[in-house]
Number of protein chains: 4
Amino acid sequence: MSGIWGNNIKLSIFGESHGKGIGIVMDGLPAGIPLDLDGIKKEMQRRAPGRNEISTPRKEKDDFDLLSGYFNNKTTGTPLCCIIYNTNQQSKDYAAIKDTMRPGHADYTGYAKYFGSNDYRGGGHFSGRITAPLVFAGAVAKQILEKKNIIIGSHIKNIGNINDHAFDPLNIKGDVLKKMIDKTFPVIDADKGLKMKEMILKAKEEMDSVGGIIETAVVNFPVGVGSPFFDSIESKLAHILFSIPAVKGVEFGVGFDIAKMKGSVSNDAYFIEKDQIKTYTNHNGGILGGISNGMPILFRTAFKPTPSIGKIQKTIDIKKRENIETQVKGRHDPCIVPRAVPVVEGAAAIGLLDLMIEKDGIGWML
Amino acid sequence: MSGIWGNNIKLSIFGESHGKGIGIVMDGLPAGIPLDLDGIKKEMQRRAPGRNEISTPRKEKDDFDLLSGYFNNKTTGTPLCCIIYNTNQQSKDYAAIKDTMRPGHADYTGYAKYFGSNDYRGGGHFSGRITAPLVFAGAVAKQILEKKNIIIGSHIKNIGNINDHAFDPLNIKGDVLKKMIDKTFPVIDADKGLKMKEMILKAKEEMDSVGGIIETAVVNFPVGVGSPFFDSIESKLAHILFSIPAVKGVEFGVGFDIAKMKGSVSNDAYFIEKDQIKTYTNHNGGILGGISNGMPILFRTAFKPTPSIGKIQKTIDIKKRENIETQVKGRHDPCIVPRAVPVVEGAAAIGLLDLMIEKDGIGWML
Amino acid sequence: MSGIWGNNIKLSIFGESHGKGIGIVMDGLPAGIPLDLDGIKKEMQRRAPGRNEISTPRKEKDDFDLLSGYFNNKTTGTPLCCIIYNTNQQSKDYAAIKDTMRPGHADYTGYAKYFGSNDYRGGGHFSGRITAPLVFAGAVAKQILEKKNIIIGSHIKNIGNINDHAFDPLNIKGDVLKKMIDKTFPVIDADKGLKMKEMILKAKEEMDSVGGIIETAVVNFPVGVGSPFFDSIESKLAHILFSIPAVKGVEFGVGFDIAKMKGSVSNDAYFIEKDQIKTYTNHNGGILGGISNGMPILFRTAFKPTPSIGKIQKTIDIKKRENIETQVKGRHDPCIVPRAVPVVEGAAAIGLLDLMIEKDGIGWML
Amino acid sequence: MSGIWGNNIKLSIFGESHGKGIGIVMDGLPAGIPLDLDGIKKEMQRRAPGRNEISTPRKEKDDFDLLSGYFNNKTTGTPLCCIIYNTNQQSKDYAAIKDTMRPGHADYTGYAKYFGSNDYRGGGHFSGRITAPLVFAGAVAKQILEKKNIIIGSHIKNIGNINDHAFDPLNIKGDVLKKMIDKTFPVIDADKGLKMKEMILKAKEEMDSVGGIIETAVVNFPVGVGSPFFDSIESKLAHILFSIPAVKGVEFGVGFDIAKMKGSVSNDAYFIEKDQIKTYTNHNGGILGGISNGMPILFRTAFKPTPSIGKIQKTIDIKKRENIETQVKGRHDPCIVPRAVPVVEGAAAIGLLDLMIEKDGIGWML
């Protein structure tokens, strides 16, 4: 089953990139919450392409329509449906090549799963465009968490082999994270940011693409949320993060590097100061036994390079069962990472909101 | 909710390390499947401690009892309950230190979530011992998948900073994977294996611990299984892998390294040969758009060092709200990675079985 | 959580009667199924008001739009979203009385649950209108079941104290059920049908309303589908039937009357004839131990009278916390039972389809 | 899937009547709740057979063992596993007749679903004995609800065609309900109770059985709990009630009789008195739009007669595919209704607890 997620907040996502519309239903939101719709629009613009020279010139209007669940400027508590109608879709680009299985895309796997009946235009339901409704839902979740001063923010940690500094796992603060949200290319070190953009432009010129890693932090998340085993914070967040197209790795705290450490180093020793319990280090990224310990939650998400590149590639024709070559036309991003930032944050917000409601019920949010 | 997982195969895990018993209920198994109980016992022995010098001398008998769901040497199709009774538990070791929040463990987070009412002895429900029932369920799932020639196997990719070779992502074969299952310390390069064991023994002497990474491959998995978005293979597997205590990172295919590649390299170009569709490379680890493409599925799981070390550590007393020091006594593993191998494989088997049943129903398995 | 249902086919329903639109997302449909959209429209017209003199003159256009999941006249296998835009809504009728808690409606309970933030216009998300998307989904499910010759049909068993004959629980046939689908007022005995209509018209004149009971049969449903305990056919169907507004009772086979029987009578004795296993009687309505036995499945659903009546009624003003009187204006149905028939059938179809997929996977439907 | 139920409290039920043990895992209980284990034992004895002359002489020891989730006399908050070991099972009674499909039982349907591999002894997983763990879980839920003064109680409304009085839907009180819990044969009118017992004994002499109806009330349930559509109180309760073997009908409030009423009668008019909102009548059984309105919740559950009767019955041999006759031996109940009372109450308690947690989180219970 592809479209449904959640225990306490439930999402139902739908849409094909060249169908009539894409959207999402959010079920389980509390009633009476005012939403900052302009703030949501702003989040969605972070995802939309066509904003600057490093992105594709293809413009997507992500204007959305709330069909239900929002009345008199507040959530009703009943299911909220957000629709984004598809415009500016150039469908003629795809009809002729529907039997070409583009490398790195889900053309072949989607064909196999859906017996060739899926909407192939622009990737159909596999298109990165379908992350737009996810950003909407994530923006709603972020606003609700922010009412409790829980702040989520990210920066681009890597593009190709260019590395930004890391967030300070002990002292990262909410206002620093909020500043990141305002940047179209959020990095800590501006020079590294310039090098990253150069790398992206160079790839674009070479008709190629690059990947990257996003680092995300969550501050002020209360202690004692989550579970051991099957609903650990890591499980819940990883489940929804790996749902984002192009994600190939997720790690928490120090992540894979923790495997190189000794226990005497990786253990985060506790201390109490002014009746607040903290740790001297934060290699575990704020999560132990699947449950939050009050320290900043930190995780990293790895994105593969955009599969659509202009270079000629070997592939197959699925109908003729022949080896062919292809050259993907159209207007594509050399790097989706900057646009993926609000998707990652939104996904994390939804996961954490789901766990908050599990603990405190719906009244918590008010 | 901590104990329940799954859509088509459902698991319900329970137990505390020093309670009467631990176990798991498997719901949704097909009827009429004979199980190789000796094979299951063998899998469980791979997890049990006390087998060799690099592990803890603490012995755990993992004899299990099938209370239901198995009759006349076949599954009945009704829920199957496996119980492992706790023996050889030295509970007196824990009572005096229940208010000491051991660093790296879930003592503090569990205390916060469960208001101090959880069973603290030996980590209670957070103990690594609770992976034993997961190995049982995983062993059942592996046997069912193997009836369709789907083989899962792993090796230890890293211990600390010692690296083994990688699996060949294109050509890894089922018989190579099966050989790994027979090794207590599965590595490809025997010399690297020796270095790894040295590192573990050295940590043990220093009253410290080390972490590591397990690399797992799945071969002969059919094309077209999985979904885009919320039930992608990566989402499903990551969800259950991150449920395993001590896991801090999961990556698929080339994983985090894919972020350093160009699209022209990371894209796996297709070709058809003798009517079989394959790819020249396999950076995506056999999964595109969340769905299998027929190539070997590859992933890596990062384990942090065992939190229980003999060195003195700073921490707090949660009742007195004071800073204290502690020295964890007892008999602990300097490295859980070799014992975690059947847990990782079992978890993956359960996730893949769930997706197979989603596609083909229960009759598939027969 | 109100809007999500299902294990193998998942539904997400949304909408308020006076919002922009209402709709449903169906997730888990197989790919490649052509749908008879005219047939679906016809089903939806069976529900829509304003068709005849016994119904309300209020017209609802139930034209629907498929935003996703349907391409080249076949299901894609990806989530299918159906939207019905709200037109012909007279919202001014409701604003002045939003604090009046109409008896028999969900005004007060919805106010309590949603803290007064729900859309009160026309009942909002509680309106019977929200059954329109359910009829859509049910119509899709019915068409899929019909490809396997599984036929669902109903008749009005009771209006007030007027009783129609019962379906023959042993010999009810698919063609008889199909004929019922073509009738706007489906009954077996035409005279009883006339008496029922008289009763409805009389209630309308008296500014009152009447309730009724719908009897539904399912033929050719295969043996061995369903489960004991929590996913029994009765559990699954009752769950979705009781989701329909105004339903206050559900019974299977002989239903409540079985409590008056002796076991020697209520037991359905088996016999085998031409290698087909049948029963001499069918008091159990085709279900034993929660699983189908191959005999016709029979159940009855009880609907309370429409709460909206023109008579003056005592009630309260929730803001002023005062006792008041009210007279519900607007154009309302004296009896919703004839219009509820496609809702009941559709709900049952969805439940049975979900169980069929559990057994045979998605490929079953092709 | 048969064994798993719930959203906020999750149950996993397992066991066959002649297997090693039966049991249930409860997941999602709050931590720190003391349980009255003697009270639970008392509830389970209400279900156990062999207590009096109207029941079967077959004794079932329902001693239970808590393997996990209970420590220092309080719930830990981690999954709680309760096991009841099977003793006093006379398995030789069943081996010879495993191919005889007893009428009214799930022998044939279970054979079909489980391909003949199910444990047929004593009905296996279909046995009424498997309601014992459900009574355990229900007893825990009842105790938790009672901490908030929410009381559930029942009486036998009908045995065969003998009717007891009904509960007063407006004024039924908690202490009256509690008194019912202490009666082994709970009725309002003692004379009717005697007539019912006569009828049961007479059926026993005639080697036959009778069915009955249980009426249940819930008082002090707060307003605003539940949902429209798929998680309505009726849906949730009916789902779990119809999971109980032998249930063939469930109705709320006036139930099926509401279909005979006029709207002007069935509507429950509101009034406010001393700032408390009530209704003059309670035909809707305390539920409107799927949500509680504060009035007593009332429902009725119809049980068919025990299928196991001593009379000779026609049936089939499933292996030989022949018509045969059978006479069920063994020690069986002529009427399960008195023993089903704690099952019905427990089931309702679990369903209502699940909805309470949805609203108020886990902290509610403390």
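Please read all numbers here as calculations on a predicted model, not as lab measurements. (Residues numbered from 1 in each chain as written. Chains lettered and ligands numbered in written order. Predicted model: local features only at pLDDT ≥ 70, side-chain atom pairs only at ≥ 80, totals over all residues. Heavy atoms only, no water.)

## Some remarks on the overall build of chain A
Working step 1: Counting its regular elements, chain A contains nine helices and 18 strands.
Working step 2: Relative to its length of 366 residues, chain A is compact, with a C-alpha radius of gyration of 21 Å against a globular reference of 21 Å.
Working step 3: Within chain A, the proportion of its 366 residues that are buried is 69%.
Working step 4: Excluding contacts between residues fewer than 6 apart, the proportion of contacts in chain A whose partners are at least 24 apart in sequence is 72%.
Working step 5: Summing over all exposed atoms, chain A offers an accessible surface of approximately 11,600 Å²; the carbon and sulfur share of this is 51%. (Helix = DSSP H or I, 4+ residues; strand = E, 2+ residues; numbered from the N terminus. Rg over C-alpha atoms; globule rule 2.2 N^0.38 Å. Buried < 20%, exposed > 50% of the residue type's maximum accessible area, 1.4 Å probe, protein only. Contact = heavy atoms within 4.5 Å. Areas by Shrake-Rupley, 256 points an atom, 1.4 Å probe, with all protein chains shown as cover.)

## Some words on the UniProt feature "binding site: NADP(+)" (unreviewed entry) in chain A
Working step 1: UniProt annotation of "binding site: NADP(+)" (unreviewed entry) refers to Arg47(A) when read in the numbering used here.
Working step 2: Side-chain polar atoms of Arg47(A) contact the side chain of Thr131(A), separated by 3.3 Å. (UniProt positions renumbered as here; feature names shortened; annotations may be inferred. Polar contact = N/O pair within 3.5 Å; in protein donor to acceptor, adjacent residues only side chain to side chain.)

## A closer look at the relation of the copies chain B and chain D
Working step 1: When chain B is fitted onto chain D, the two copies agree to an RMSD of 0.0 Å after a turn of 180 degrees and an axial shift of 0.0 Å. Such a combination of turn and shift is consistent with a two-fold rotation axis. Rotation axis and chain B: the residue whose C-alpha lies nearest the axis is Ser12(B), separated from it by 3.3 Å.
Working step 2: A share of 100% of interface residues in chain B that are also interface residues in chain D marks the association as one of identical surfaces. (Least-squares fit on C-alpha atoms with pLDDT ≥ 70 in both.)

## Brief notes about the UniProt feature "binding site: FMN" (unreviewed entry) in chain A
All names here are of chain A.
Working step 1: The positions that UniProt labels "binding site: FMN" (unreviewed entry) are, in the present scheme, His-125, Phe-126, Ser-127, Gly-289, Lys-304, Pro-305, Thr-306, Pro-307, Ser-308 and Arg-331. These annotated residues cover 207 residues of sequence, and their C-alpha atoms sit far apart, with the largest distance between any two at 45.0 Å.
Working step 2: Assignment of secondary structure puts Ser-308 in the loop between β16 (297-303) and β17 (312-317).
Working step 3: When neighbours within four sequence positions are excluded, Ser-308 is seen to be in contact with Arg-102, His-105, Val-328, His-332 and Asp-333.
Working step 4: When you line up the elements, Arg-331 lands in the loop between β18 (322-327) and α9 (337-360).

## Regarding the relation of the copies chain A and chain B
Working step 1: Note on the identical chains: chain A maps onto chain B by a rotation of 180 degrees and an axial translation of 0.0 Å, with an RMSD of 0.0 Å.
Working step 2: Of all interface residues in chain A, 100% are interface residues in chain B too; the two copies therefore contact each other through one and the same surface.

## Overview of the interface of chain B and chain D
Working step 1: Each partner contributes to the interface: chain B provides 44 residues, whereas chain D provides 44 residues.
Working step 2: Regarding the contact of chain B and chain D, the summed buried area is about 3,500 Å², with carbon and sulfur atoms giving 66% of it.
Working step 3: At the junction of chain B with chain D, the criterion picks out two salt bridges.
Working step 4: One salt bridge in this structure joins Lys20(B) and Asp65(D), with 2.4 Å as the shortest N-O distance.
Working step 5: For the pair chain B and chain D, the interface holds 15 residue pairs in polar contact (both at pLDDT 80 or more). (Buried area = accessible area lost by both parts, 1.4 Å probe. Salt bridge = Lys/Arg side-chain N within 4 Å of Asp/Glu carboxyl O.)

## Quick notes on the sheet that holds strand β9 (residues 162-163) of chain B
Working step 1: Ordered in space as β9(A)-β8(A)-β10(A)-β16(A)-β11(A)-β11(B)-β16(B)-β10(B)-β8(B)-β9(B), the ten strands form an open sheet in which the pairing is antiparallel. Where the open sheet ends on each side, the last strands, each with one partner, are β9 (162-163) of chain A together with β9 of chain B.
Working step 2: Sheet topology places strand β8 (residues 151-159) of chain A next to strand β10 (residues 212-219) of chain A; eight bridges connect them, and they run antiparallel. Across the sheet, residue Asn158(A) finds its bridge partner in β10(A), namely Ile213(A).
Working step 3: Most of the contacts of helix α5 (residues 174-182) of chain B go to strand β8 (residues 151-159) of chain B, to which it runs at about 60 degrees, and overall it touches β8 and β10 (212-219) of chain B. (Pairing = 2+ DSSP bridges. Axes fitted to C-alpha atoms, helices over the stretch in contact; angles between N-to-C directions.)

## Looking at the sheet that holds strand β7 (residues 80-85) of chain C
Residues and elements named next belong to chain C.
Working step 1: Across the sheet, five strands lie side by side as β1-β2-β3-β7-β4; this open sheet has antiparallel pairing. Two strands lie at the open edges of the sheet, namely β1 (4-5) and β4 (64-68), each paired on one side alone.
Working step 2: Pairing of β1 with strand β2 (residues 10-15) involves two bridges; the strand directions are antiparallel. Bridging across to β2, Trp-5 finds its partner in Leu-11.
Working step 3: Sitting on the sheet, helix α4 (residues 131-146) touches β2, β3 (21-27), β4 and β7, and the angle it makes with β3 is about 30 degrees.

## Things to note about the interface of chain A and chain B
By convention, interface size is frequently given as the accessible area that disappears when the constituent parts associate.
Working step 1: Facing 97 residues of chain A, the contacting portion of chain B comprises 97 residues.
Working step 2: When chain A packs against chain B, close to 8,200 Å² is buried across both sides, 64% of that on carbon and sulfur atoms.
Working step 3: Of all residues in chain A, Phe229(A), Phe230(A) and Lys248(A) give up the largest surface area on contact with chain B, accounting jointly for 12% of the area buried on that side.
Working step 4: Our enumeration of links across chain A and chain B arrives at four salt bridges.
Working step 5: Notably, a salt bridge pairs Arg321(A) with Asp275(B), separated by 3.2 Å at the nearest N-O pair.
Working step 6: At the boundary of chain A with chain B, the tally comes to 44 residue pairs in polar contact (both at pLDDT 80 or more).
Working step 7: A total of six residues in the side of chain A that touches chain B trace back to one element, the largest contributor, which is strand β11 (residues 247-252) of chain A.
Working step 8: Classifying every residue of the side of chain A that touches chain B by side-chain character gives 47 nonpolar, 32 polar and 18 charged. (Nonpolar A, V, L, I, M, F, W, Y, C, P; charged D, E, K, R; others polar.)

## Examining the pairing of strand β13 (residues 276-279) of chain D
All names here are of chain D.
Working step 1: Of the two faces of β13, only one is covered, namely that formed by Ile-277 and Thr-279; the face formed by Gln-276 and Lys-278 stays uncovered.
Working step 2: Here strand β12 (residues 270-273) runs beside β13; their pairing, made up of four bridges, is antiparallel. Residue pairing in the sheet places Tyr-270 in a bridge with Thr-279 of β13.
Working step 3: Counting the residues between successive antiparallel strands, the hairpin from β12 to β13 contains two residues, one of them, Lys-274, with a positive phi of roughly 50 degrees.

## Here's the deal with the packing of helix α1 (residues 37-47) of chain A against helix α4 (residues 131-146) of chain A
The relative placement of two packed helices comes down to the angle between their axes together with the axis-to-axis distance.
All names here are of chain A.
Working step 1: The N-to-C vectors of α1 and α4 enclose an angle of 140 degrees; their axes lie 9 Å apart at closest approach. Between α1 and α4, the angle falls in the class oblique. The handedness of the crossing between α1 and α4 is right-handed. Along its contact with α1, which presents Gly-39, Ile-40, Glu-43, Met-44, Arg-46 and Arg-47, the element α4 presents Thr-131, Ala-132, Val-135, Phe-136, Ala-139, Val-140, Lys-142 and Gln-143.
Working step 2: Each residue belonging to the contact of α1 with α4 can be placed in one class, and the counts come to seven nonpolar, three polar and four charged. (Parallel < 35°, antiparallel > 145°, perpendicular 65-115°, else oblique. Left-handed = near helix turned anticlockwise from the far one by under 90°.)

## Focus on the pattern of salt bridges
Working step 1: Per the stated rule, a full pass over the model turns up 96 salt bridges over all chains.
Working step 2: Across the pair Asp182(B) and Lys42(B) runs a salt bridge whose closest N-O atoms are separated by 3.2 Å. Note that Asp182(B) is positioned in helix α5 and Lys42(B) in helix α1 (residues 37-47), a separation of 140 residues in sequence.
Working step 3: By relative accessible area, which is 54% here, Asp182(B) ends up exposed.
Working step 4: Each member of the salt-bridge network shares a partner with another, and the members are Glu43(A), Arg46(A), Lys142(A) and Glu345(A).

## Considerations on the packing of helix α1 (residues 37-47) of chain C against helix α9 (residues 337-360) of chain C
Residues and elements named next belong to chain C.
Working step 1: For the pair α1 and α9, interaxial distance at closest approach is 6 Å and the crossing angle is 135 degrees. With respect to α9, the axis of α1 lies oblique. Within the contact between the two elements, α1 uses Glu-43, Arg-46 and Arg-47 and α9 uses Pro-338, Arg-339, Val-341, Pro-342, Val-343 and Glu-345.
Working step 2: Of the residues assigned to the contact of α1 with α9, the class counts are four nonpolar, no polar and five charged.

## Digging into the side chain of Asn282(B)
Residue and element names in this part refer to chain B.
Working step 1: Tracing the sequence through the fold places Asn-282 in the loop between β13 (276-279) and β14 (287-288).
Working step 2: Since its relative accessible area comes to 5%, Asn-282 is described here as buried.
Working step 3: Among the polar contacts listed, one links the side chain of Asn-282 to the backbone oxygen of Pro-169, at a separation of 2.9 Å.
Working step 4: Polar side-chain contacts of Asn-282 include one of 3.0 Å to the backbone oxygen of Pro-296.

## A word on the nonpolar core
Working step 1: Core analysis: the biggest nonpolar cluster contains 157 residues, and Leu11(C), Phe136(C), Leu11(D), Phe136(D) and Ile159(D) have the highest contact counts within it.
Working step 2: For Phe136(D), the contacting residues outside a window of four places in its chain are Ile24(D), Met26(D), Ile40(D), Met44(D), Phe64(D), Leu66(D), Leu80(D) and Cys82(D). (Core = buried A, V, L, I, M, F, W, Y, C linked by side-chain atoms within 4.5 Å.)

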